Each structure stands twice: as C-alpha cells, then as structure tokens.
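Observations on chain architecture
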Amino acid sequence: MLLNPKTETFEHLDPRSREIMKKTIEYFESRGKAKLKEDAHERRWYRDFIDFLKENEVFATLLTPQAHVVDGDADKRWDTFRNCDFNEILAFYNLSHWYAWQVTILGLGPIFMGNNEEIKKNAARMLKEGGIFAFGLSERAHGADLYSSEMSLTPLAEGKYVADGGKYYIGNANEAAMASTFGKDSETDEFVFFVADPTHENYDLVQNVVDWEGYVAEYHLNGYPVTDREILSTGREAWDSALNTVNVGKFNLGWGAIGLATHAFYEAINHAAHRNLYGKYVTDFPHIKQLFVDAYARLAAMKLFSQRAADYMRSASAGDRRYLLYNPITKMKVPTQGEEVINLLWDVIAARGFEKDVFFEIAAQDIRSLPKLEGTVHVNMALIIKFIANYFFKPGEFPEVPKRNDPADDTFLFNQGPTKGLGKIQFHDYNIAYNSVDLPNVNIFKEQIRVFKDFLAQAPPDADQAQNIDFLLAVGELFTLVAYGQLIIEKYQIEKFEADLLEQIFDFMVRDFSRYALQLHSKADTTENQMQWCMNMIRKPVYDGKRFIRFWQGYVDALKDTYEMNP
C-alpha cells in the first residue's frame, strides 16, 4: 500500500517510465539523507537536480503530449497515471524538488491549452533541452484574484504590445525557459495569457519571497516587448485556461502530501520500535498503537482516493465532468489529511521530530504548505459546495469508470472547455458504491449519510446561512467525507484489498463525521432544528479488538525496519 523506494519494482509501468522512476530514486538515495538535509538547511538551489532532469529527459518524457513531440519519441506523453507515481517519489524525498515539477506542470498548462502552435513546439523543444517552466498568475496585492490582475498588455502597433506589471509567489521564475503570464489588455480589459523570457533585460527578477531551497519569485515586467508570437490565448479562453490549468496542476498537491507523510511514517515507526522506555518498547504502549493505526489508515485512504480520482480525470469528457468534484477534494482534503497524519506521528516521535538530522523535520514543516498552495482550503470548499444538490438529489447515469492504468495521453485535460456551469454537473448515485459493501463501520457511516441527506432536505441552510461561508464550510466538510468514502469503496471493489483496511478507514471516517457534525451544531447561527439533526449524525464506530491487532501486526508493525533512506 505504501511506497517503499527500495523494494518497489514499478512493474505496473512500461519500461521507459519504470526507468525514470528508478533513476529518480537512485538520484536521491545516492545523495543520501545528510546531503538532502544540508542543502535544505543551507537553502541551496538544486542545480544538480535540474541537471539530472535534463540528462535523463525526465520532464520531457512525462510532460510532453504526444501531439507536440518534436523528436518522434513514442514514450513521451502526458499520462496522469504514471505522473502520480513520479509525484509521490519526488515528495517522498523533498517537497522543494517536487515543487519544480509541480510548477512546471502549471506553467505548461496555458501553453498546451492555448492556440499558439509555434509556442507548443518551442515548449516541447525546451523540455527536451531540460527546461523548467513558471506559471505567472498571482500578484502581491491580490493573490489569485484574477479579476483584479494589474499586469497590463498595451497594444502599440499591429501585432506588437508592451507588458508592465508584477507577479508574486511564482515558482521556478528564476530559471524558467518560459513564464506563462496572465494579464489584461489595457485598452479592452480582456484577459490575456502570454509567455515571458526570464533572460530578457526587461524581465526583473526581484527576489525569492520564501526562505527555502526552492525559488518562489517576485518578478516584474518593465516595458517588456510582446508580439502575437508570444500570445497564448485571449478573452474567455485565457480565463478558462487559467482555471483549467489549476485543475490539472493543483491535483498534484494531494500526491505531495502522500509522499511526504509516507517517508515520515517509516521514520516514525523505526524510531518508536527501537526506543525503550520504562522497560517497554514505545510501540508496546496502547495509545502509540492507536496513533500509528490511525495514521496508517488515513494515509492509505489518501492514496486510495487519489488513485481513484485520477481515473475520473483520465476518463473525463465534455459530458462527464465529475472530476471537477473529486479534483478539489484531492487538492484540499488529501493535503489536510496529510497534516493530520504528521500530527499523529509527531505525537509518537515527539522531540525527535525537531532534530536536524531526521527527515521528519522537513516533513513537519513542508506539509503545512500544501493546503495553503491553492488559495487556502476555503477556495476549494466553496467550489465543492456547488455540487451538493445534484450529488444527493439529482443523480445521473454514467458508465462505470474503469481503472485507468493504460499508457495513453490525457488529451481532454488540455481541452476541458468552459469553466462555467458547475451547478449543472451530475454524478452517479453514490449508493451504488456504499450498497456494495456490508461491513460494520461502513454501515454506520451509511446511517450518518442518511441523516445528513435528511438534514439537507428538511433543515437546509436558510438565506443568511447560505451567505455565511463559515457555516457552509462545516456543511462542506460533511459532504466531502461522503464523496471521499465513495471513491475509496470503488477502489476497494477494483483492487479487492483486505476488508480489515476498509473497516479501519471507516473507523476514523465515522469519528470524523461525528466531529464535523458537532462543529456544525456549535456554529453561532445553527438553528435548534438543525442542532437536533446534527446530534442525530453522531455515531461511535464499532471496535473490534481482534481486527485492531491484525491490523497493527499486518499493516503497521510489519513496516518497521523495511525502509530507511541512505545516510
């Protein structure tokens, strides 16, 4: 279930993809933990990593859609299935290195979604030459508020413009081959995406805005010359490509959390299993077992959900946009669960987690950033809430989405179409998944769902509550758990993993549902009627001592001493 870089064979991938994964692991393991930590503490830009990527054409192979390949290499494609593996590997070792990949994906989005074929070919050539890319969207004063963008593109003559303005919090903008930059036409106020060259004299790299080995830039364009040859898209298409790029790129945040938390888990179990206190090993204490079991169950759930969400992304079409619910859950729920996993493990590893020679120090710091890299959790929850009505009360009929592990280009991701009409998107009946399982904790969770659905039908938010994002966030947390559990069950039916794992996952799901119900109950504007419904949602999971011991021995304790990074 969890990635072990020293034993994983990647037999589920084709030979070229397998080679990339193994070479990447070898790159990190050959450098070792001491060098990894030293570079992180000294905040050194990872030139050797960029050189490794170039030498092995890693980004070129993984991030060039086959339609734009310049050298005829049949192994090059944009394949979300294998990209998830690479996501996990990079984050397993260091989020700063993962960030170079994450931002390159974002920078390429507007290019491959645009209409400029020349730029697409140039991007493919630059990828082959080892280039990384930047995504110039947010600004210092407005963050990711695209309506308020102050980057201006002023027409000068036929096909010629001049760009002025600043961008802020832009990864890779120090060495990007191209920086996809979002702005507005100063005369028409239309949105526009164009590419800028960071080596140009009118491109001012102001600073690295974070104290990190990765580079997160502030840059200014000062009288920067632009022609039609650098324009990617305009008007509504530029707007849509900005949001659709986020759909593709920010999906990676969940995998960043999975990788970080997995490495931290190995380090925590190794530490605890060999530490003797008061005549007992730390792993002999009941509360430590509980912390580890919860951490493992949450981490497994993160991975199972994200894998299944990738199936929906790869199978999406203009008539099937269900991925637009599962995608923000991967961006929001999975990273916050990663924080929860680190918190649980930190209660085990304690003071050791602060020490300079352990990976855990990196994980504990960097895991906090992931839920914040998409304009905070609130942005995604506000999106998720739009789907509640159709999800519960207007299901549609769709063919079953299979496991998508085929080596193919995910072409729809670059042709997602307009970003409007989210409230019209339908979903298949979630009961199909839930009714396929008859297990004690899953059945309790089904009871909670039924009460929640009745709450939505009989005591829905009134007009004032519907304008109160604090109230809606609590409702959204409950809804998110329903969709989260649904995809995990679908994955269970595909992979046929042990029922003990599913039951242990739903053990914490029942508890989480109760916790969010209590939070909704406690909101200042929750009515007496709504409060009663919230109390009716609260349940206690079924405790099975034999299952717990089986789980501890088979899933958790079995991992001790199975992985440790080369020193």
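Residues numbered from 1 in each chain as written. Predicted model: local features only at pLDDT ≥ 70, side-chain atom pairs only at ≥ 80, totals over all residues. Heavy atoms only, no water.

1. Some points on the overall build of the chain
Helices and strands together make up the secondary structure of the chain, namely 20 helices and ten strands. Computed over the C-alpha atoms, the radius of gyration of the chain is 24 Å, within 12% of the 24 Å expected from 2.2 N^0.38 for a compact globule of 567 residues. Counting only C-alpha atoms, the chain reaches 75 × 60 × 40 Å along its principal axes. Looking at the chain residue by residue over its 567 residues, the buried ones come to 60%. Between the mean site of the 62 positive side-chain charges and the mean site of the 81 negative ones, the chain shows a separation of 4 Å. (Helix = DSSP H or I, 4+ residues; strand = E, 2+ residues; numbered from the N terminus. Rg over C-alpha atoms; globule rule 2.2 N^0.38 Å. Buried < 20%, exposed > 50% of the residue type's maximum accessible area, 1.4 Å probe, protein only. Lys, Arg positive; Asp, Glu negative; His and termini not counted. Charge placed at Lys NZ, Arg CZ, Asp CG, Glu CD.)

2. Brief notes about helix α10 (residues 323–349)
In a regular helix each residue adds 1.5 Å, so 27 residues correspond to 39 Å; α10 covers 37 Å between its end C-alpha atoms and thus fits that length. Across the 27 residues of α10, 22 count as buried, placing the element largely inside the fold. Just beyond α10, the residue with positive phi is Ala 350, at close to 55 degrees. (Expected span 1.5 Å × (residues − 1).)

3. Digging into the packing of helix α5 (residues 95–113) against helix α8 (residues 252–273)
Look at α5 against α8: their axes get within 11 Å of each other, and the N-to-C directions meet at 165 degrees. Classified by the angle between their axes, α5 and α8 sit roughly antiparallel to one another. Two packed elements cross with a definite hand, and for α5 against α8 that hand is right-handed. Facing Leu 95, Trp 98, Trp 101, Gln 102 and Ile 105 of α5, the residues of α8 in contact are Asn 252, Leu 253, Gly 256 and Leu 260. Its residues assigned to classes, the contact of α5 with α8 comprises six nonpolar, three polar and no charged. (Axes fitted to C-alpha atoms, helices over the stretch in contact; angles between N-to-C directions. Parallel < 35°, antiparallel > 145°, perpendicular 65-115°, else oblique. Left-handed = near helix turned anticlockwise from the far one by under 90°. Contact = heavy atoms within 4.5 Å. Nonpolar A, V, L, I, M, F, W, Y, C, P; charged D, E, K, R; others polar.)

4. Notes on the packing of aromatic side chains
Going through the model one piece at a time under the given rule, you end up with 54 aromatic pairs. Ring centres of Phe 28 and Phe 49 lie 5.9 Å apart, and the angle between their planes is 40 degrees; on these two criteria the pair is classed as tilted. Taken together, the positions of Phe 28 in helix α1 (residues 15–42) and Phe 49 in helix α2 (residues 47–55) put the pair 21 residues apart, joining distant regions of the chain. Like Phe 49, Phe 28 is buried. Measuring from centroid to centroid gives 4.7 Å for Tyr 147 and Trp 239, while their planes differ by 40 degrees, and the two rings are tilted. Of the two residues, Tyr 147 sits in the loop between β1 (133–136) and β2 (152–157) while Trp 239 sits in helix α7 (residues 235–249), which places them 92 residues apart along the sequence. Looking at Trp 239, the relative accessible area reads 11%, which means it is buried. Over the ring of Tyr 484 we find Lys 333; its NZ or CZ atom is 5.8 Å from the centre of that ring. (Phe/Tyr/Trp six-rings, centres within 6.5 Å; stacked < 30°, edge-to-face > 60°. Lys NZ or Arg CZ within 6 Å of the ring centre and 35° of its normal.)

5. Some words on the pattern of salt bridges
Within this structure, the stated rule accounts for 48 salt bridges. A salt bridge links Glu 19 to Lys 23; the shortest N-O distance between them is 3.1 Å. One end of the pair is Glu 19 and the other is Lys 23, both in helix α1 and four residues apart, which spans about a single turn. What makes Glu 19 partly exposed here is its relative accessible area of 32%. With relative accessibility at 35%, the residue Lys 23 sits in the partly exposed group. (Salt bridge = Lys/Arg side-chain N within 4 Å of Asp/Glu carboxyl O.)

6. Some points on the side chain of Arg 31
Locating Arg 31 in the fold gives a position in helix α1. A relative accessible area of 15% means that Arg 31 is categorised as buried. Look past the residues within four positions of Arg 31 in its chain and what remains in contact with it is Leu 36, Asp 39, Asp 48 and His 97.

7. Some points on the packing of α1 against helix α4 (residues 80–93)
What describes two packed helices is the angle between their axes and the distance between those same axes. Close contact between α1 and α4 brings their axes to 10 Å; oriented N to C, the two are set at 5 degrees. With respect to α4, the axis of α1 lies roughly parallel. Here Ser 17, Ile 20, Met 21, Thr 24, Ile 25, Phe 28, Glu 29 and Leu 36 of α1 lie close against α4, whose contacting residues are Arg 82, Asp 85, Phe 86, Ile 89, Leu 90 and Tyr 93. Among the residues making up the contact of α1 with α4, the classes are represented as nine nonpolar, two polar and three charged.

8. Quick look at a nonpolar patch on the surface
A grouping of Leu 518, Met 535 and Ile 538 is seen on the molecular surface, where their side chains present a nonpolar patch of about 240 Å² in accessible area. Along the chain, Leu 518 falls in helix α18 (residues 499–521). What makes Leu 518 partly exposed here is its relative accessible area of 43%. (Patch = residues over 30% accessible without salt bridge, like charges linked within 9 Å, V, L, I, M, F, W, Y side chains within 5 Å. Areas by Shrake-Rupley, 256 points an atom, 1.4 Å probe, with all protein chains shown as cover.)

9. Quick notes on α5
Compared with an ideal rise of 1.5 Å per residue, which puts 19 residues at 27 Å, α5 spans 27 Å between its outermost C-alpha atoms and is within 8% of the ideal. Most of α5 is tucked away, with 19 of its 19 residues classed as buried.

10. Quick word on the environment of Arg 322
By the secondary structure assignment, Arg 322 is in the loop between α9 (286–314) and α10. Setting aside its immediate chain neighbours within four residues, Arg 322 contacts Tyr 312, Phe 398, Pro 399, Val 401, Ile 425, Gln 426, Phe 427 and His 428. Only 2.8 Å separates the side chain of Arg 322 from the side chain of Asp 320, close enough to count as a polar contact. (Polar contact = N/O pair within 3.5 Å; in protein donor to acceptor, adjacent residues only side chain to side chain.)

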